[in-house]
Amino acid sequence: MNRDGIYHLPEGSKETTFCYDDSLPALPLPKLEHTLKRYLESLKPFGTAEELEASKKVIEEFRTGIGGKLHALLEEKAKHEKNWVATWWEDYAYLTLRMPLIPYCVMASPLLLETVGLEDVPENFLKSAAICCTINMQFWKLLRTETLRPIASSDKKILFSSDLYKRLFNTVRAPGLEMDKIVSYFKTEKEGPCPSHLLVIYKGRMFKIEGLHEDGEILSPQDFLLYFQQIQHKVDSEDTSISGVPLLSNDDRTTWARNRSHLIELSERNAEVMRDIESSISMFSMDTNEPSDYSEVATRTLIGDMHSKWADKSATTVCFKNGKMGCMGEHSCYDGTISISMSLYAMLSIFEDGMPDWSIPPKRLVKPVELVFDLDDEIRAEIERMTEVAQKLQNSVCVTVDQFNGYGKEYMKSKKIHPDSWIQTALLLAYYRLHGTFAPTYETAMMRQYYKGRTETCRSCSVDSVNFIEAMGSSKESAGTKAKLFRTAANRQTELMNEARKGNGVDRHLFGLWCMAYDQGLPIPEFYDDPMYSKSGGGGNFILSTSTLGFTINCGFVAPMCMDGYGCFYTMLGENIWSIFTAYKDSEVTSCRKLLAEFHRALEDIRTIMDADIGTKL
């Protein structure tokens, strides 16, 4: 694995980063009866016989009645739009949400940079930030010049959309009174000029730093280090209170929209400052916390120094005082695969390029420009209010980062079971053992092989996984029987994932039918009021929100979908498994650490039954 082979197009290549996007196939629209059949099957782990019988009637009435009419309208929409769900998904799944982006709507990830030679020590507080600034600029320039290798399967038979990369940089989620709006200032070189500055926030004070020299050359780490040294000296030496304006971006979206509009209306300078913030390539949050381990790094990345986070920015690097680092991404702008791609690029760059020679002086003296808002009493009062709100947010989520060393993907593959399906089934077992119920489970299925594709839901909890979990709780069942049931459950999970990736899921289609009714001004069908709809996870009620992040050391996370739910994210290496679990601290039901302990036990117990099963050794 090397950076050039993964990311850089060879010189003279006829390909460009976005060359395949417009020619990708349209997002499929399943037949209504097929979706409803799959939906009914997904209800079975969660309902009694009476509940399931009642749901059958609701489903049939929906199919022959309003559901059929809505589907016909959806079919007509799909004839004219290559991705019939894209706008709805962005608007209704993300941009209409009114809760604060942090911690509820952003993605975060600890950066394990010491594994590639960048020590997480206090003397690297500014140096690590400087290195990552240069790497950010390099990745930004790959996108600007369209020389980032487009993603494709090894045989080039499957091509994937690169469209979401256009919102990685120079992008903001601007708040609105009822609905937010994604505003991107990014342009490729063919499209025209693009802002080339970055945003740095330290102790609540904001600075604009340029990422390019006048000749278009990217600033070196030595250049960026000088920026950071000046910012640190200025802020630490001046006995002034923090501005507090970044705090306001962490409010609920409607209140922040009002405050943002008021700020802009106060003065012309405020309008210019807002544009500088929102159009910046990315943000560097200099956080004075000193997290002690990966779990704390992950937690503080998400909910650390709220004075130094501008929640709306599409991409943020969090740099801690003791040299540890993390990153955040605004989820409506792009999905986790984009974040992981950028993180892996950074790690490979550090590994291959090594540490800079800090004795080399900067190319020239560069000075940061402080961004200062004009405030009035109304904004000052709002800042004071948000100071208390932010303190509560800082204690809202528990995050655990773990490395399981019992085995990894190589062992799972030796048993001829897909590693992702293995982990999904183990998670279901762990949850059941801790809580005594079956968890409606969302696993992300990537849909970027379609035009402007994003994700589909794979409903992981199946009848087969229920059969396996129940057998694991029985002393009467032999190891061979348990192993057979595990294999059946895992293989079923693989089938469900493969079908979801083909567009044959359940949730995006049902979501589209709901949106069609809403947009047509029709009453929302009673189908969505069926208790089994939400009990099975529908409407964003999945108890386990999960995703595999591939086979590298990079692993990110989001907060749970529900107050009494979990976020479970993992990556599978050859001999170990990295996982990140999240839960809300206000929940009286969940416990990250207890679920993690059960997850370890489930993994060990599954290995025991698989090793004991003679059939798996043949």
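What you see is a predicted model, and the numbers here were worked out from it, not measured in a lab.

Thresholds applied
- Residues numbered from 1 in each chain as written.
- Predicted model: local features only at pLDDT ≥ 70, side-chain atom pairs only at ≥ 80, totals over all residues.
- Heavy atoms only, no water.
- Pairing = 2+ DSSP bridges.
- Helix = DSSP H or I, 4+ residues; strand = E, 2+ residues; numbered from the N terminus.
- Axes fitted to C-alpha atoms, helices over the stretch in contact; angles between N-to-C directions.
- Contact = heavy atoms within 4.5 Å.
- Buried < 20%, exposed > 50% of the residue type's maximum accessible area, 1.4 Å probe, protein only.
- Core = buried A, V, L, I, M, F, W, Y, C linked by side-chain atoms within 4.5 Å.
- Salt bridge = Lys/Arg side-chain N within 4 Å of Asp/Glu carboxyl O.
- Phe/Tyr/Trp six-rings, centres within 6.5 Å; stacked < 30°, edge-to-face > 60°.
- Lys NZ or Arg CZ within 6 Å of the ring centre and 35° of its normal.

Caption draft 1: Expanded view of the sheet that holds strand E13 (residues 544-548). Within the open sheet, the six strands sit side by side as E10-E15-E14-E13-E11-E12. Their pairing is mixed. Where the open sheet ends on each side, the last strands, each with one partner, are strand E10 (397-404) and strand E12 (455-459). Taken pair by pair, the neighbouring strands of this sheet meet at an average axis angle of 20°, ignoring direction. Judged from the six bridges that link them, strand E14 (residues 566-572) and strand E15 (residues 577-584) form a sheet pairing that is antiparallel. Following the sheet pairing, Thr-571 is matched in E15 by Trp-578. Of the strands in this sheet, E10 and E15 are in contact with helix H12 (residues 294-303), which crosses E10 at around 145°. Taken strand by strand, helix H16 (residues 419-435) contacts strand E11 (441-446), E13, E14 and E15, and its axis lies near 145° from that of E14.

Caption draft 2: Focus on helix H5 (residues 86-95). Of all the positions in H5, only Trp-88, Trp-89, Glu-90, Asp-91, Tyr-94 and Leu-95 are classed as buried. Taken together, the buried residues of H5 touch helix H4 (66-80), strand E2 (171-174), strand E3 (181-184), E12 and helix H19 (507-519).

Caption draft 3: Spotlight on the nonpolar core. Grouped together as the largest cluster of nonpolar side chains are 180 residues, with contacts concentrated most on Phe-139 and Trp-422. Broken down by element, the residue count for this core peaks at 13 residues, all from helix H7 (residues 125-144). If we ignore the near neighbours within four places in the chain, the residues touching Trp-422 are Tyr-407, Tyr-411, Met-412, Lys-415, Ile-417, Phe-486, Leu-603, Ile-606 and Met-610.

Caption draft 4: Looking closely at the sheet that holds strand E1 (residues 106-111). Read from one edge to the other, the open sheet built from seven strands follows the order E1-E8-E7-E6-E4-E5-E9, with strand pairing classed as mixed. Each having just a single partner strand, E1 and strand E9 (369-371) make up the two edges of the open sheet. Sheet twist, expressed as the mean angle between neighbouring strand axes with direction ignored, is 25°. One ladder, built from three bridges, connects strand E5 (residues 205-210) with E9; its direction is antiparallel. Each residue of the ladder has a partner; that of Lys-208, found in E9, is Val-369.

Caption draft 5: Looking closely at the pattern of salt bridges. All told, the structure shown has 40 salt bridges when counted by the stated rule. Here Glu-41 ties to Lys-44 by a salt bridge, and the two come within 2.9 Å at their closest N and O atoms. We classify Glu-41 as partly exposed; its relative accessible area is 32%. Look at Lys-44 and you get partly exposed, because its relative accessible area is 40%. Put simply, Lys-324 and Asp-120 hold a salt bridge, and the shortest N to O gap is 2.6 Å. Of this pair, Lys-324 sits in the loop between strand E7 (315-320) and strand E8 (325-330) while Asp-120 sits in the loop between E1 and H7, placing them 204 residues apart in sequence. Here Lys-324 falls in the buried class, since its relative accessible area comes to 14%. Judged by its relative accessible area of 23%, Asp-120 falls in the partly exposed class.

Caption draft 6: How the structure looks around the packing of aromatic side chains. Taken as a whole and assessed by the stated rule, the structure comprises 34 aromatic pairs. Taking the centre distance of 6.2 Å and the plane angle of 35° together, the rings of Phe-224 and Tyr-227 count as tilted. Note that Phe-224 and Tyr-227 are positioned in helix H8 (residues 221-237) at a spacing of three residues, about one turn of the helix. Here Phe-224 matches Tyr-227 in class, with each residue buried. Positioned above the aromatic ring of Tyr-411, the side-chain terminus of Arg-607 is 4.3 Å from the ring centre.

Caption draft 7: Geometry of the pairing of E12. Summarising burial for E12: five of the five residues are buried, a large majority. Of the two faces of E12, the one holding Thr-455, Thr-457 and Arg-459 and the one holding Glu-456 and Cys-458 are both buried throughout. In the sheet, E11 pairs with E12 via five bridges, with the strands oriented antiparallel. Each residue of the ladder has a partner; that of Glu-443, found in E12, is Cys-458.

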